[in-house]
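Structure at a glance
The residues making up each chain are set out below.
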Amino acid sequence: MASRKICLALGFLAFLWAALSAQEKTEESQCRLMAKFNLSGYVDAKNHSLIIAGLFPIHSRIIPVDESILEPVSPLCEGFNFRGFRWMKTMIYTLKEINERKDILPNHTLGYQIFDSCYTITKAMESSLVFLTGQEEFQPNFRNSTGSILAALVGSGGSSLSVAASRILGLYYVPQVGYTSSCSILSDKFQFPSYLRVVPSDTVQSEAMVNLIKHFGWVWVGTIAADDDYGKYGVKSFKEKMEAANLCVAFSETIPKVYSNEKMRKAVDAIKSSTAKVIVLYTSDIDLSPFVLEMVHHNITDRTWIASEAWITSALIAKPEYFPYFGGTIGFATPRSDIPGLKEFLYDVHPSKDPNDVLTIEFWQTAFNCTWPNSSVPYNVDHRVNMTGKEDRLYDMSDQLCTGEEKLEDLKNTYLDVSELRITNNVRQAVYAIAHALHRLSMCQTGLGPFVPDKTCAYIPTFEFWQLMYYLKGIQFRAEDGSSVVLDDNGDLKFGHYDILNWQLDDNGEISFVTVGKFNFRTSKFELFIPKNSTIFWNTESSKLPYSVCTDVCPPGTRKGIRQGEPICCFDCIPCADGYVSEKPGQRECEPCGEDDWSNVQKSKCVPKDVEFLAYEEALGFTLVILSIFGALVVLAVTVVYVIYRHTPLVNANDRELSFLIQMSLVITVLSSMLFIGKPQHWSCMARQVTLALGFCLCLSSILGKTISLFFAYRISVSKTKLISMHPIIRKLIVLVCVVGQVGVCAAYLVLEPPRMFKNIEIQNVKIIFECNEGSIEFLCSIFGFDVLLALLCFLTTFVARQLPDNYYEGKCITFGMLVFFIVWISFVPAYLSTKGKFKVAVEIFAILASSYGLLGCIFLPKCFIILLRPKRNTDETVGGRVPTVDRSIQLTSASVSSELNNTTVSTVLDE
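Residues numbered from 1 in each chain as written. Predicted model: local features only at pLDDT ≥ 70, side-chain atom pairs only at ≥ 80, totals over all residues. Heavy atoms only, no water.

Here we look at the overall build of the chain
Applicable threshold: Strands are runs of DSSP state E lasting at least 2 residues, helices are runs of H or I lasting at least 4, and numbering of each runs from the N terminus. For every residue, the accessible area obtained with a 1.4 Å probe (protein chains only) is divided by the maximum for its type, and the residue is called buried under 20%, exposed over 50%, and partly exposed between those limits. For the area figures, the Shrake-Rupley method with a 1.4 Å probe applies, and any residue is considered shielded solely by the protein chains shown.
Along its length, the chain carries 23 helices and 29 strands. For the chain, with 912 residues in total, the buried portion stands at 52%. As displayed, the chain offers around 43800 Å² of accessible surface, 58% of which is attributable to carbon and sulfur atoms.

Looking at the pairing of strand E18 (residues 525-529)
Definition in use: Any two strands are treated as partners once DSSP identifies two or more bridges connecting them.
Here strand E17 (residues 511-522) runs beside E18; their pairing, made up of five bridges, is antiparallel. Of the residues in E18, the one forming a bridge with Arg522 is Lys525.

What to know about unusual backbone geometry
Along the chain, Val452 connects to Pro453 via a cis peptide bond; the corresponding omega equals 0°. Each neighbour pair has its own omega, and for Ile460 with Pro461 the value is 10°, a cis peptide bond. Within the fold, Pro461 resides in the loop between helix H12 (423-442) and helix H13 (465-472). Here Tyr119, not a glycine, exhibits a phi torsion of approximately 55°, which is positive. Structurally, Tyr119 is set in the loop between strand E5 (110-116) and helix H3 (121-133).

Here we look at the sheet that holds strand E26 (residues 756-760)
Applicable threshold: Geometry is summarised by axes, namely lines fitted to C-alpha atoms with helices restricted to the contacting stretch, and by angles between N-to-C directions that run from 0 to 180 degrees.
If you walk across this open sheet you meet the three strands as E25-E27-E26, and the pairing is mixed. The strands lining the two open edges of the sheet, one partner per strand, are strand E25 (610-612) and E26. Taking the axes of each pair of neighbouring strands and ignoring which way they run, one obtains an average angle of 25° across the sheet.

Examining the side chain of Ser628
Selection criterion: Distance and chemistry together define a polar contact, namely a pair of N or O atoms within 3.5 Å, with one atom able to donate a hydrogen and the other to accept it when in protein, and with adjacent residues in sequence counting only for side-chain atoms on both sides. A contact between two residues is defined here by any heavy atoms of the two lying within 4.5 Å.
Examined against the element boundaries, Ser628 turns out to sit in helix H14 (residues 619-644). Given the relative accessible area of 0%, Ser628 is considered buried. Side-chain polar atoms of Ser628 contact the backbone oxygen of Val670, separated by 3.4 Å. Among residues more than four places away in sequence, those in contact with Ser628 are Val670, Leu671, Ser673, Met674 and Leu849.

Thoughts on helix H2 (residues 82-100)
Keep this limit in mind: The span expected for a helix works out to 1.5 Å for each residue beyond the first.
Between its first and last C-alpha atoms H2 spans 27 Å; for 19 residues at 1.5 Å apiece the expected length is 27 Å, and the two agree. Counting buried positions over the 19 residues of H2 gives 16, a clear majority of the element. Regarding H2, its N-cap is Asn81, as a side-chain oxygen of that residue lies 3.3 Å from the backbone nitrogen of Arg83 further along.

Regarding the packing of aromatic side chains
Note the cut-off: Ring pairs are drawn from Phe, Tyr and Trp, using the six-membered ring of Trp, whenever the two centres fall within 6.5 Å, and their geometry is named by plane angle: stacked under 30 degrees, edge-to-face over 60, tilted for the rest.
Taken as a whole and assessed by the stated rule, the structure comprises 40 aromatic pairs. Note on Phe291 and Trp305: the rings are 6.0 Å apart at their centroids and 85° apart in plane angle, and the pair reads as edge-to-face. Here Phe291, found in helix H8 (residues 285-297), pairs with Trp305, found in strand E12 (residues 304-307); they are 14 residues apart in sequence, far enough to count as distant. We classify Phe291 as buried; its relative accessible area is 0%.

Looking at the side chain of Ser314
The residue Ser314 is located in the loop between E12 and helix H9 (323-326) in this model. The buried category is assigned to Ser314, whose relative accessible area is 1%.

Quick word on the nonpolar core
The condition is simple: Put simply, a nonpolar core is a bunch of buried Ala, Val, Leu, Ile, Met, Phe, Trp, Tyr and Cys residues held in one set by side-chain atoms that sit within 4.5 Å of each other.
Phe56, Met91 and Phe363 are the most contacted members of the largest nonpolar core, which totals 105 residues. With 11 residues, H12 is the largest single contributor of residues to this core. Residues Leu650, Val667, Ala842 and Leu855 belong to the second largest nonpolar core, which totals 52 residues.

Details of the state of the cysteines
Rule in force here: Cysteine sulfur atoms are paired as a disulfide whenever they fall within 2.5 Å.
A complete count under the given rule lists nine disulfides for this structure. Disulfide pairing places Cys248 opposite Cys569 at an S-S distance of 2.1 Å. For the disulfide bridge between Cys248 and Cys569, the dihedral angle about the S-S bond is near 90°, and by the sign convention the bridge is right-handed. Note that Cys248 is positioned in strand E10 (residues 248-255) and Cys569 in the loop between strand E19 (558-562) and strand E20 (571-575), a separation of 321 residues in sequence. Residue classification places Cys248 among the buried positions, given a relative accessible area of 4%. Through a disulfide, Cys576 is tied to Cys590; the S-S separation comes to 1.9 Å. The sign of the -80° torsion about the S-S bond sets the Cys576-Cys590 disulfide as left-handed. Taken as a pair, Cys576 in the loop between E20 and strand E21 (580-581) and Cys590 in the loop between E21 and strand E22 (591-592) lie far apart in primary sequence, 14 residues in all. For Cys590, a relative accessible area of 13% gives the class buried.

Focus on the sheet that holds strand E16 (residues 495-505)
Through backbone hydrogen bonds, the strands of a sheet pair up, either in parallel or in antiparallel fashion. Overall, mixed pairing links the eight strands, which are arranged E10-E9-E11-E12-E13-E16-E17-E18 in an open sheet. Each edge of the sheet is formed by a strand with only one pairing partner; in this case those strands are E10 and E18. The mean angle between the axes of side-by-side strands here comes to 25°, regardless of whether they run parallel or antiparallel. Running at roughly 160° to strand E9 (residues 220-226), helix H6 (residues 229-244) makes contact with E9, E10 and strand E11 (278-282) of the sheet. In the packing of helix H7 (residues 261-273) onto the sheet, contacts are made with E9, E10, E11 and E12, and the angle to E10 comes to roughly 155°.

Some points on H3
For H3, built from 13 residues, the straight-helix expectation of 18 Å at 1.5 Å per residue is met to within 8% by its first-to-last C-alpha distance of 18 Å. Listed in full, the buried residues belonging to H3 are Lys123, Ala124, Glu126, Ser127, Ser128, Val130, Phe131 and Leu132. Considering only its buried residues, H3 is in contact with strand E2 (50-56), strand E3 (59-62), strand E4 (77-80), E5, strand E6 (149-154) and helix H4 (159-169). Immediately downstream of H3, the backbone of Gly134 shows phi near 75°, a positive value.

Things to note about the pattern of salt bridges
Let me state the cut-off plainly: When a carboxyl oxygen of Asp or Glu is within 4 Å of a side-chain nitrogen of Lys or Arg, the pair counts as a salt bridge.
What the rule picks out here adds up to 21 salt bridges. Put simply, Lys257 and Asp228 hold a salt bridge, and the shortest N to O gap is 3.3 Å. Residue Lys257 is found in the loop between E10 and H7, and its partner Asp228 is found in the loop between E9 and H6; the two are separated by 29 residues along the sequence. For Asp228, a relative accessible area of 8% translates into the label buried. In this structure, Glu240 engages Lys236 in a salt bridge whose closest nitrogen and oxygen atoms are separated by 2.9 Å. Linking Glu240 with Lys236, this pair stays in helix H6, spanning four residues, or about one helical turn. Here Glu240 falls in the partly exposed class, since its relative accessible area comes to 45%.

Here we look at the packing of H12 against H13
Definition in use: Between 65 and 115 degrees an angle is taken as roughly perpendicular, under 35 as roughly parallel, over 145 as roughly antiparallel, and anywhere else as oblique. Note that Gly is not counted as nonpolar here; it falls among the polar residues with everything else outside the nonpolar set of Ala, Val, Leu, Ile, Met, Phe, Trp, Tyr, Cys and Pro and the charged set of Asp, Glu, Lys and Arg.
For the pair H12 and H13, interaxial distance at closest approach is 9 Å and the crossing angle is 110°. The angle between H12 and H13 places the two elements in the roughly perpendicular class. Where H12 approaches H13, its residues Ala433, Ile434, Ala437, Leu438, Arg440 and Leu441 are matched on the opposing element by Gln467, Leu468, Tyr471 and Leu472. Residue composition of the contact of H12 with H13, by class: eight nonpolar, one polar and one charged.

Details of a nonpolar patch on the surface
Quick reminder of the rule: Each patch groups residues whose relative accessible area exceeds 30% and which form no salt bridge, using 9 Å between like charges and 5 Å between nonpolar side chains of Val, Leu, Ile, Met, Phe, Trp and Tyr.
A contiguous nonpolar patch, built from Val640, Ile644, Tyr645, Phe865, Leu868 and Leu869 and spanning about 560 Å² of accessible area, is present on the exposed surface. Where the nonpolar patch is concerned, the elements lending two or more residues are H14 and helix H22 (861-869).

Considering the environment of Val292
As for its position among the elements, Val292 is in helix H8. Assessed through its relative accessible area of 0%, Val292 is described here as buried. Not counting the four nearest positions on each side in its chain, Val292 is found in contact with Ile317, Tyr322 and Phe326.

Thoughts on the environment of Gly331
Looking at the secondary structure, you find Gly331 in strand E13 (residues 330-333). In this structure the C-alpha to C-alpha distance between Gly331 and Tyr498, which are 167 residues apart in sequence, comes to 9.2 Å. Setting aside chain neighbours within four positions, we find Gly331 in contact with Ala307, Ile312, Asp499, Ile500 and Leu501.

Concerning the confidence of the model for the chain
Note the following rule: Across the chain, each position has a pLDDT score giving the predictor's confidence in that residue, from 0 to 100.
Averaged over all residues, the pLDDT of the chain equals 82, while 86% of them reach at least 70. Segment residues 1-28 is flagged for pLDDT under 50; beyond a separation of four residues in sequence, or across chains, it makes zero contacts in the model.

A word on the environment of Gln663
On the secondary structure map, Gln663 appears in helix H16 (residues 656-672). Separated by 197 residues in the primary sequence, Gln663 and Phe860 have C-alpha atoms spaced 8.9 Å apart. Those residues in contact with Gln663 that sit more than four places away from it in its chain are Val635, Val638, Thr639, Tyr642 and Phe860.

In structure tokens:
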């Protein structure tokens, strides 16, 4: 047991010795910074509870590093940016203002650590690392880079810079509030969990641009974007919304971040060759500056530029000498605000206050074009590549020394211009958003906090970043200018508006930003408002609204025809087909006209179709009416003659009553033709065919009664056999049976499948032919087939009895009448089938009248001729009488057949 304890003790001593040796080895091999980042800025961290970091583009670029140096080098910056310098000063002024207030963080003060991002990603990355770790400590702290507690960051001054910085700061959930970074990708909380902003997202700005384009009727728009996240994602969102609105992007080019003659020439050529007169510029003023010089160099005018909020109010671009090329620019800007006391604070700057303040010295030198005495700060350093592709290196110091007596009041630059405080106001709101979140965090009461477990609170200065983010997300406060700032869970503004600005020249020849409208947004609701009385300057030859289309809008009467492989805004205008119209300009499809309409000659409007039917008013219809009435009058005249001379032998011969029935039926047939004239109605369609069929049935059945009598007379004369007596009532029964049978079929026709009026639009598209749908063809064939059968029986009986001797020749007259009837209706069939519309009806009427006139003329006119003009022939001896049958030489007449058989007188079979 004792030996075991000894072994354990020895093992513990060995472990302790190894641990001490490892700790000593670690201390000897501890990492130390080999160099420092070349960062410039401002720090005020002493005696403050919390530090708010800031990133601003005080310079516009970095000096290119010597490529022969193989190890990493932190480059210096050049190109002083007065606008970025003002933003940075605004942050300092806002913090000073908050520290003096008693209603926000009354027991705490806020310090700052601000770096110059030089508008480059590398400097933004360097600054972010320094915010977290500092440049003096041996071990990373990730919270304390100046000796005070880091709370949040304001910046970084550009979308690409914010994306780069947020990828580092987001790893530790450091709150970052942007004031001008509007790139839509920053709303993705999976990639950028701690990023918030007080400027609208480019999703909103793209929607605003598309609404503006639609408002002015532009459909063919080009895009130019910076070669960074801001430009690429902005144009991507813009294209998506353009496509959703059925608008087209004519071309899409990028401006290189590092000057490239080839890429710049490509963008310029796209603008010059395109028919698009409206171009969207998604870029910052710094990136846009060399592109503006290219426009001036190539003298490209007559273009309307739609500006993003990043450069619409930039004094770097809005210079009078650029107005011929960029005048009339219209774009969107965040709301303008006045910041009391800021102007005086901006004027309170002088190099003599701090000899180590290199940024103030550089500002002074650049503003007054002089060199500060005993200063190593270079003047007018420029390493950009010029338009010829060569690199300029200017290290010249100004020969004029600064006296310190220079007056800022004499300057005219962006730094002191407080007339358009838009992004500057965003900086102020970003600082206030952090301050309000810290204030609410500090006001948390123990046991009533938002954090679990046990509803705990966070406390200054021991809070964690994520706890401050809790208060920042969804924060809402009223800004100093009275406007409300409300952020959603993604850190984006819930509502707000853009001012729509237009570049115009004022009376002093300077560019002024004239507000011509607003674009309001709230969640997914957007509203563009441009008053009708807004005076907008357009940089066109006519000073009128520019016209930007790929193809002119198709006029009414045509439709858009897609061009294969080209955008939908490029199309051919194809005339609409017959029966289709496009009433409005630019229609995609032609719309069919209604059933009763047809397209006009221009195919721009549906007009009522021409209505066709055989009208009473037109010449053809009027002529047929006259013929119908005339025929009826002739028949009535014959009837009158028959009535007057009803007791004469010629009228009494061969059944006087049947003759009156034939005359009545002819009146019916000739007048029935009038039912075929005029606009068809349901009642007229039902009446005309039935009336015609019944009229012909009565006529033909009456003729059949006569022809049967003639047939029997002929058989008696030929056979010389015993006479067969035929009582007159039998002939009338034949008529009655035929008419009743026809009436029965017609009644069934009208009840079961009656004819109806319908509008025929199939024969001619441009016309509506009103005609009758005859209903059942079987019934129609039955009723007229019965009439044809009667006509055929009449013809056969009279044809057989045509040689019957008669002074009147009635058999022959009926035979000729039936021949006319058949000839008319046989010729009617092909004529009827080969015609359409009203002429089809006219053919049928002609057939009715011709057949009626034929029967009238062949049957009654010869008798009327004898009655009226040859009365001496209208006697019993001439018309008929008694004859002895033993005399074989005598011939029977059709009017009388007398025979004496076995000395018995037999009455004629034909008389009553």
